[in-house]
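Structural features, examined
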Amino acid sequence: MNYISTRGFTGKNNKSFSEVTMEGLASDGGLYVPENIPKFSKLELDQMSSLSYVELCTKIILKYTDEIFTESDIKDIAIDSYKNFNSGDIAPLIEIEENKYILELFHGPTLAFKDFALQFLSRVFNLILEKNNKRITIIGATSGDTGSAAIEAFKNNKKASIFILHPKGKVSDFQRKQMTTVHSENVYNIAIEGNFDDCQTLVKKLFMDNNFKTKYNLASVNSINWCRVLAQVVYYFYSTFKIKNNKDLVNFSVPTGNFGDAYAGYIAKKMGLPINKIIIATNSNDILARFFSSGEYKVSKVISTLSPSMDIQVASNFERLLFESLNNDADLVNKNMDDLQKNGFFKLSDDILKSLNNTFIGISINDHSTLKCMNYFYKKFGIIVDPHTAVGLQASYINSNLQEPIITLATAHADKFSQSVEKAIGKKMNTLSNYNNIFEREEKFKDLNNNLDILKNYISENLKYQFV
Ligand SMILES: *Cc1c(COP(=O)(O)O)cnc(C)c1O
């Protein structure tokens, strides 16, 4: 498979899977997308419907890789990535009531769905680096869950050092401790004075500095990395196939921040999976919900909510959908992104919006409704959900005119957000508070101002390796 950049690319015309995985963001600031999306036939889909998670993963991912990867490489990576998921099933699908399902994606080592992508990504990195005899420096920004999932995935990786930026004081205690109590030599946590978008902007700037990027062989683990999106495509297939006797369409409700997870669902649809609607469920940071009802993509201020992993305004992965909506015209993408930078918004035509609404419905759920939803599910079904999942669930119930089954993605374990859960259900939870003893372990992180040069110095001072 060849890959192109959403901003048009200056150098070579296309890139391989290994190259785009290692680079993350393209050098022109764009995101990599495959040149085309392979489509399964009805017959192939039928045959795939009884595969195990690992087999399905292998079959789907193999369509997008390059000659470095054999089928057995992918299979070994998939087996190893998901062996530590502490459930009999890697991704259990729970039926709540008729036509309403929850897909539990929180059985990985850090109790959130990001483990699906990051466990996979770290092993893909490893294989590429071993074949090329190289090492890398991973830089990532996190609003909470990415950081811990990345650190957990890379902490024993001999080929990588990892620097994770989080917005100081804006992630939950549990999330912070999950990151800062990992005491591996190759792990560096940085608390930035600012919000998540500030962290993400710093990371983007580092990657656009070609000298720095080359010197330390920077790699990204943010959800802009194509390999992460790809790993997430798998559970859309897996869960759709699980709905018994499913011959018809299904809908998904996806708690959304950076639009990575929801975009993976869209790729699954383009690959032939019978998906009708994908509900884009946001919290009060509703840029995407507003976009899918008005066509206007307009930045406003980031608000702190009960679902902090979705406290995001500029949804990085959205650029991939934008590129496609504009008929792969990179000049138009550049123009819209320039407008966004200059004026704080751009607007697409009604025709484009109409066509996007064939798949996407945007709904925003505020904290009050989130808490009410958590309370309702506890009272009515005895199910305790985390605030992110509740945003998705509430959005799926608002859309009760959909006839087909709706699968809501449960993106985090309720224990990660026990304070909100207790507030919602009105009683103390029995949490996994001694999960890896993180509440007793010493924390290790560095406070830094929101400043690119200071960040660069910190990274340079701490990397003692020779990069080849
Ligand atoms: C990251 C995250 C999301 C949002 O996922 P995106 O791919 O950024 O849209 C939702 N819920 C939880 C728990 C997360 O960690």
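Heads up: the structure comes first, above all this text.
Residues numbered from 1 in each chain as written. Predicted model: local features only at pLDDT ≥ 70, side-chain atom pairs only at ≥ 80, totals over all residues. Heavy atoms only, no water.

With respect to the sheet that holds strand β6 (residues 160–167)
Spelled out, the test is: Only strands joined by at least two bridges in the DSSP assignment are considered to pair. Secondary structure is summarised from DSSP: a helix means a run of H or I of at least four residues, a strand means a run of E of at least two, and numbering begins at the N terminus for each. The axes are straight lines fitted to the C-alpha atoms, using for helices just the contacting stretch, and the angles between their N-to-C directions are given from 0 to 180°.
Strand order across the open sheet formed by 5 strands is β8-β5-β6-β7-β15, with parallel pairing between neighbours. What marks the edges here is a single partner per strand, and that holds for β8 (218–220) and β15 (446–448). Taken over all neighbouring pairs, the strand axes of this sheet differ in orientation by 30° on average, direction set aside. As paired strands, strand β7 (residues 187–192) and β15 are joined by 3 bridges and run parallel to one another.

Some thoughts on the nonpolar core
Note the cut-off: Here, nonpolar core refers to any group of buried Ala, Val, Leu, Ile, Met, Phe, Trp, Tyr and Cys residues whose side-chain atoms link them within 4.5 Å. Here's how the labels work: a residue is buried when its accessible area is under 20% of the maximum for its type, exposed when over 50%, partly exposed in between, all with a 1.4 Å probe on protein chains only. The contact criterion used is simple: two residues touch if any of their non-hydrogen atoms lie within 4.5 Å.
In this structure, F125, Y236, F237, F259, F292 and F318 are the most contacted members of the largest nonpolar core, which totals 108 residues. Among the elements that make up this core, the one with the highest residue count is helix α10 (residues 226–242) (12 residues). In this structure F292 touches F259, I280, F318, L321, L353, L356, N357, F360 and G362, once residues within four positions along its chain are discounted.

As for the environment of R441
Heads up, the rule is: Definition of a polar contact: a pair of N or O atoms within 3.5 Å, with one able to donate and the other able to accept a hydrogen when the atoms are protein atoms, and with sequence-neighbouring residues admitted only if both atoms are side-chain atoms.
Position of R441 relative to the elements: it lies in the loop between α18 (418–425) and β15. R441 gets classed as partly exposed once you look at its relative accessible area, which sits at 40%. In terms of polar contacts, R441 uses its side chain to reach the backbone carbonyl oxygen of T181, at 2.9 Å.

Things to note about α18
Side chains that are three or four residues apart share a direction in an α-helix, a result of its 3.6 residues per turn. By the criterion of burial, α18 is predominantly enclosed, with 6 of the 8 residues buried. S418, S420, V421, E422, A424 and I425 are the residues of α18 that are buried. In this structure, the buried side of α18 is in contact with α16 (367–381) and α17 (387–398). A positive backbone phi angle near 70° is found at G426, which sits one or two residues after α18.

Observations concerning the packing of helix α4 (residues 71–82) against helix α5 (residues 114–132)
We count it as follows: In this scheme, roughly parallel covers angles under 35 degrees and roughly antiparallel covers those over 145, while 65 to 115 is roughly perpendicular and the rest are oblique. If you view the pair so one helix is near and one far, a crossing is left-handed when the near helix is turned anticlockwise from the far one by less than a right angle, and right-handed when it is turned clockwise. Amino acids outside the nonpolar list (Ala, Val, Leu, Ile, Met, Phe, Trp, Tyr, Cys, Pro) and the charged list (Asp, Glu, Lys, Arg) are all regarded as polar, and Gly is one of them.
Running from N to C, α4 and α5 point in directions that differ by 135°, and their axes come no closer than 9 Å. Taken together, the axes of α4 and α5 lie oblique to each other. Handedness of the α4/α5 crossing: right-handed. Residue-level inspection shows D73, I77, A78, D80, S81 and Y82 of α4 in contact with α5, the latter providing F116, Q119, F120, R123, V124, L127 and K131. Split by residue class, the contact of α4 with α5 holds 7 nonpolar, 2 polar and 4 charged.

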